[in-house]
Amino acid sequence: MKALVISGGGSKGAFAGGLSEYLITVCKREYKIFIGSSTGSLLVPLLSIGEIEKLKVVFTSTTQKDIFNNCPFLLKKVKGVYKTKINHLGILEMFLNGKKTFGESENLRTLIFKNITETDFERIRKNDVIITVSNLNTMGVEYKEAKDCTYYDFCEWIWASASLVPFMSLVCKNGFEYADGGMGNIVPIYQAIQKGATDLDIIVLKANENTKRRLPVRNALDLTTRVFSFMLNQIVTDDLIIGRLEGQNKKIKLNFYYPEEDLINNSLIFDPEQMQKFWDYGYLVGKKNNPECRVISMA
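It should be emphasised that the depicted structure is a prediction, and the values quoted were computed from it without experimental measurement. (Residues numbered from 1 in each chain as written. Predicted model: local features only at pLDDT ≥ 70, side-chain atom pairs only at ≥ 80, totals over all residues. Heavy atoms only, no water.)

Asker: Looking at this model, I keep getting lost on the overall build of the chain. Mind explaining?
Answerer: Each helix and strand counted, the chain has 12 helices and 10 strands in total. The C-alpha radius of gyration computed for the chain amounts to 18 Å, which stays within 12% of the reference 19 Å derived for 299 residues, consistent with globular compactness. Its C-alpha atoms put the chain at 55 × 45 × 35 Å along the principal axes. Looking at the chain as a whole, 55% of its 299 residues are labelled buried. The long-range fraction of contacts in the chain, counting pairs at least 24 apart against all pairs at least 6 apart in sequence, stands at 76%. When the accessible surface of the chain is split by element, carbon and sulfur atoms take 54% of a total near 14,100 Å². (Helix = DSSP H or I, 4+ residues; strand = E, 2+ residues; numbered from the N terminus. Rg over C-alpha atoms; globule rule 2.2 N^0.38 Å. Buried < 20%, exposed > 50% of the residue type's maximum accessible area, 1.4 Å probe, protein only. Contact = heavy atoms within 4.5 Å. Areas by Shrake-Rupley, 256 points an atom, 1.4 Å probe, with all protein chains shown as cover.)

Structure, rendered in structure tokens:
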């Protein structure tokens, strides 16, 4: 049984979109299971019903305003490189309004409901589509299957899975507080295997080998995002170790795909032009790393 697993990675999800386009349209991979965490959760629902062009339009046109109604940092592009600084007024507004996070991503919720229609959902729930979320009350990871959800709940689970606190909204559902699925399981390989997958295509939105040295920390916000990146990188490492061991024990085929270098330092920066490049690059990486598919495409 084939499965597509897509990790978290914010705006780097565009890379996974392009790579998935190649695997589905050129390699003709017919997946039975689609499972994502964080930005992966934004991708797998529409991928499961073949709405790749629709997904591409969304990922390559999204801006900061489409994600945040109150962004905790301010952006400035200098010689093609984004610089960030703390949005003091925005964070103060959040505290004065009794909010629990530095920023708020209600606009992302609106974007999800806009681009996944009820008609789409009826098609999605015919497949095994799984969303990863982190429950901050039970301190555990939960997996939400489309076939077990209503349309409204499914869209909210996607929102919760992609909400990296404390920079984005804390999602309250059923008396619990939920946050980004990547905080608990950023590459849900093990869960795909537990669902019966025997042949997995796994897209990891982190370079396989990271030798790039980052610049010194500039401010408190930069330090916070750097610490989060460090912790998430360690979770990725743990998930990959667990997934590989489980795959070896059960003799399961695991196909890994990575960007060849880090795409961006701050994955909460959403620039349409940049994400178009990520998408195109993902497609090329898929082509480069799957010689069997290259033969198919040339035939």
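So much for the structure itself; the text now carries on.
Asker: Explain the pattern of salt bridges to me, please; I cannot follow it from the model alone.
Answerer: Any two side chains of opposite charge can pair, on the condition that their charged atoms come close. In total, this model carries 14 salt bridges according to the counting rule given. Of the charged contacts, one joins Glu177 and Lys100 as a salt bridge, the two residues approaching to 2.7 Å between their closest N and O atoms. Linking Glu177 in strand β8 (residues 176–180) with Lys100 in the loop between α5 (88–96) and α6 (106–115), this pair joins segments that are 77 residues apart in sequence. Taking the shortest distance from any N to any O, the salt bridge between Lys144 and Glu142 comes out at 2.7 Å. Considered together, Lys144 and Glu142 belong to a single accessibility category, that of buried residues. Look at the salt bridges and you will find they share partners, linking Arg109, Asp153, Glu156 and Lys173 into a network. (Salt bridge = Lys/Arg side-chain N within 4 Å of Asp/Glu carboxyl O.)

Asker: Just checking my understanding: could you explain the nonpolar core for this structure?
Answerer: Grouped burial of nonpolar side chains is what soluble globular proteins tend to show. By size, the foremost hydrophobic cluster in this structure holds 63 residues, and its most contacted members are Leu47, Leu108, Phe154 and Ile203. The biggest single contributor to this core is helix α1 (residues 13–26), with 8 residues. Once residues within four sequence positions are removed from consideration, Phe154 is found in contact with Pro45, Phe121, Ile124, Val129, Ile131, Ala146 and Cys149. Residues Val5, Ile130, Ile235 and Leu254 belong to the second largest nonpolar core, which totals 20 residues. (Core = buried A, V, L, I, M, F, W, Y, C linked by side-chain atoms within 4.5 Å.)

Asker: Got a minute to help me understand unusual backbone geometry in this structure?
Answerer: Negative phi characterises most residues that are not glycine, and trans characterises most peptide bonds. In this model, Val165 is joined to Pro166 through a cis peptide bond whose omega is 5 degrees. The residue Pro166 is located in the loop between α8 (151–161) and β7 (171–173) in this model. Not every positive phi belongs to a glycine, and Ser38 is a case in point at roughly 60 degrees. Looking at the element boundaries, Ser38 is found in the loop between β2 (33–37) and α2 (39–47).

Asker: Just to check I follow, could you spell out helix α11 (residues 272–288) for this structure?
Answerer: Residues separated by three or four positions in an α-helix point in the same direction, a consequence of the helix having 3.6 residues per turn. Relative to the 24 Å expected for 17 residues at 1.5 Å per residue, α11 spans 24 Å between its end C-alpha atoms, a close match to the ideal helical length. Buried within α11 we find Met275, Phe278, Trp279, Gly282, Val285 and Gly286. Taken down its axis, α11 places every buried residue within 125 degrees of arc, on the same side. Set apart from the buried face of α11 by more than 90 degrees, the exposed residues are Glu273, Lys277, Leu284 and Lys288. On its buried face, α11 is in contact with α1 and α3 (52–59). Sitting at the amino-terminal end of α11 is Asp271, which places a side-chain oxygen 2.9 Å from the backbone nitrogen of Glu273. (Expected span 1.5 Å × (residues − 1). Arc of directions from axis to C-beta. Polar contact = N/O pair within 3.5 Å; in protein donor to acceptor, adjacent residues only side chain to side chain.)

Asker: Got a minute to help me understand the pairing of β8 in this structure?
Answerer: Two faces belong to every sheet, and in a regular strand the side chains alternate between them. Among the 5 residues that make up β8, 4 are buried, leaving the element largely enclosed by the rest of the structure. Pairing of strand β5 (residues 128–135) with β8, which is carried by 3 bridges, proceeds in the antiparallel orientation. Note on β8: the bridge partner recorded for Ser134 is Ala179. Adjacent in sequence and paired antiparallel, β7 and β8 are bridged by 2 residues, among which Asn174 carries a positive phi angle near 55 degrees. (Pairing = 2+ DSSP bridges.)

Asker: Explain the packing of aromatic side chains to me, please; I cannot follow it from the model alone.
Answerer: Within this structure, the stated rule accounts for 12 aromatic pairs. With 6.1 Å between their ring centres and 80 degrees between their planes, Phe95 and Phe102 make a pair best called edge-to-face. Relative accessible area serves as the criterion here: at 46%, Phe95 is assigned to the partly exposed category. Each member of the aromatic cluster is reached from another via a ring pair, and the members are Phe113, Phe121, Tyr151, Tyr152 and Phe154. Cation over ring: Arg109 sits above Trp159, and NZ or CZ is 5.8 Å from the ring centre. Here the basic side chain of Lys144 rests over the ring of Trp157, its NZ or CZ set 4.3 Å away from the ring centre. (Phe/Tyr/Trp six-rings, centres within 6.5 Å; stacked < 30°, edge-to-face > 60°. Lys NZ or Arg CZ within 6 Å of the ring centre and 35° of its normal.)

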